[in-house]
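Fold and geometry: a report
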Amino acid sequence: MSNQMWGGRFASGPDAIMEEINASIGFDFRLWRQDIAGSRAHVAMLAQAGIVSEADAGAILEGLDEVAREIESGKFSFSRALEDIHMNIESRLAELIGPAAGRLHTARSRNDQVALDFKLWVRDTIDDLDVQLADLQQALVDKAQEYAGAVMPGFTHLQSAQPVTFGHHLLAYVEMISRDRGRFRDARGRLNECPLGAAALAGTSFPIDRDATARALGFDRPTANSLDSVSDRDFVLETLAAAAIAATHLSRFAEEIVLWTTPQFGFVALSDKFTTGSSIMPQKRNPDAAELVRGKSGRIIGDLAAMLIVMKGLPLAYSKDMQEDKEGCFDSLQSLSLCVAAMAGMVRDMTPRVERMKAAAGSGYATATDLADWLVRALGLPFRRAHHVTGQIVAMAAEAGLELEQLTLAQLQAIEPAIGVEVFEALGVENSVRSRTSYGGAAPENVRLQARAWAQRLAGEKKD
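Throughout what follows, the structure given in this document is the object of discussion. Given the structure is predicted, the values throughout are model-derived calculations rather than measurements. Numbering of residues starts from 1 in each chain and follows the order in which that chain's sequence is written. Under the rules for a predicted model, residues below a pLDDT of 70 receive no local features and side-chain atom pairs below 80 are neither given nor counted, while totals for whole chains, interfaces and linings still include all residues. Working from all heavy atoms in the structure, the side-chain values ignore hydrogens and water.

**Digging into a nonpolar patch on the surface**
A cluster of nonpolar residues, Leu201, Leu227 and Leu316, forms a patch on the protein surface that exposes about 270 Å² of accessible area. Strands here are runs of E lasting at least two residues and helices are runs of H or I lasting at least four, both read from the DSSP assignment and numbered beginning at the N terminus. Note that Leu201 resides in the loop between β3 (193–194) and α8 (210–216). Surface patches are drawn from residues lacking salt bridges whose relative accessible area is over 30%; two like charges belong together within 9 Å, two nonpolar side chains (Val, Leu, Ile, Met, Phe, Trp, Tyr) within 5 Å. Areas reported here follow the Shrake-Rupley algorithm with a probe of radius 1.4 Å; residue values treat only the protein chains shown as occluding. A pairing counts as a salt bridge when a side-chain nitrogen of Lys or Arg comes within 4 Å of a carboxyl oxygen of Asp or Glu.

Take a look at the structure:
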């Protein structure tokens, strides 16, 4: 069966293999809303410029409305023989309104059409992701406010380092997600130029008004170079890069949840909503939602790598290779959306085990730095000397099987005679976190202030 949309250039239909490799309707059907929006703006501009008649433009607009209703209701029949969403919609439009449908494609090409549709889809998806990421931030902020003073171990090299609080730990991810949202906003700002009117690669001789179509579709301006307009996929690459970084952040958090829910850590519990059981071990409660978030990050990162590889050797302007831009992008952003939703759900669902975290915070000589700092402040020792003295005290405590605060004053003075009884005020984990009052530090009051500031900022965004 020949594709009549191509006119007379090709007399015979495509080989089955060619049809299979060429067709994109199996995935680009997702662009139908954007394709119809672009066509509406284009035909309205054509009528305003006197390139098509008002009657034909009216018929086209009514036909596009009917196509949209059919797709929305599930009555539309997508055809692989028509290759893509653009041909499918135009073919159905011709069935509905007759020859007037053929005027819709005046002064545009599938090259600028697909660039437009894809930009619109990516822009819409960025907007949706921003709402989701803000919701995840809200979940983290709410939990951080509730547990601003809940002491837990802070780690470096996954070894106990210094006490922090659970709220402080959660706010670290609020900051990461804020940067993720900023990267997506930056990508959105750069993509917000309209390629419609660039046609195949060289523009058009018709007296079109590209500013009008750009305004109608919510773009800041039209693209300035027709070659770049149809060959640019920076907007995909940049968005996928932002997605890969965001997925990496979610994966790091997911890994912590996996660790925290083990019996060995026991820092948090998840309900049955986000865990599964074992087919053979009845005692198991597996953090599958977190593990899947961690796993899907690999897919998202891979989609970015694949897109970079597709684009790296393409000369200007359009090449069919660029049809490979969509499946990975759809997969990546939809996977990220699911991961963000799952993570927000887990944050709201998790129950911190405060006493277990506090006990763990005191193990591993986590207040050793506090002791060294006290030696500097109270006794005036140079820090390197204080560090050496503290190391000797830790070694003594380890040999005795005691925590630092369990040592007697006599034991401490055996290493540094100037130490007084007030040293014990620096050794408890709660004293330790209360002392971290520097800006951005782990002191509970700092955490409460930061959480309140974030809550106000997020509430302001909702009002805007």
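**So, helix α13 (residues 354–361)**
Per-residue accessibility, obtained with a 1.4 Å probe over protein chains only, is compared with the maximum for each type, and a residue is labelled buried under 20%, exposed over 50%, and partly exposed between these values. Of the positions making up α13, those classed as buried are Met357, Ala360 and Ala361. What you see down the axis of α13 is that its buried residues fit within an arc of 105 degrees, all on one side. Counted as exposed and oriented over 90 degrees from the buried face of α13: Glu355 and Ala359. The secondary structure elements touched by the buried residues of α13 are β1 (151–156), β2 (159–165), α7 (166–191), β6 (351–352) and α17 (429–434). The directions from the helix axis to the C-beta atoms are what the arc is built from. What makes two residues a contact is simply this: any of their non-hydrogen atoms within 4.5 Å.

**Description of the environment of Ser231**
Residue placement: Ser231 occurs in helix α9 (residues 226–231). A C-alpha to C-alpha distance of 5.0 Å links Ser231 and Ala317, two positions 86 residues apart in sequence. If we skip the residues at most four places from it in the chain, Ser231 touches Met311, Leu316, Ala317 and Met322.

**Some thoughts on the environment of Leu82**
Inspection of the secondary structure puts Leu82 in the loop between α4 (54–73) and α5 (85–97). Its relative accessible area of 14% is what places Leu82 among the buried residues. It is 57 Å that separates the C-alpha atoms of Leu82 and Pro263, two residues lying 181 residues apart in sequence.

**Brief notes about the packing of aromatic side chains**
Pairs were defined over the aromatic rings of Phe, Tyr and Trp, the Trp ring being its six-membered one, requiring ring centres within 6.5 Å. Orientation was assigned from the angle between planes: stacked under 30 degrees, edge-to-face over 60, tilted for the rest. According to the stated counting rule, one finds 11 aromatic pairs in the structure shown. With a centroid separation of 6.0 Å and 70 degrees between ring planes, the pair formed by Phe118 and Phe330 is classed as edge-to-face. Taken together, the positions of Phe118 in helix α6 (residues 110–146) and Phe330 in helix α12 (residues 325–349) put the pair 212 residues apart, joining distant regions of the chain. Since its relative accessible area comes to 0%, Phe118 is described here as buried. For Phe330, a relative accessible area of 1% puts it in the buried group. Among the aromatic side chains, those forming a connected cluster through ring pairs are Tyr147, Phe166, Tyr173, Phe253 and Trp260. Here the guanidinium or amino end of Arg123 rests over the ring plane of Phe219, the centre of that ring lying 4.7 Å away. Here, over-ring charges are defined by two tests on the NZ atom of lysine or the CZ atom of arginine: distance to the ring centre within 6 Å, and angle to the ring normal within 35 degrees.

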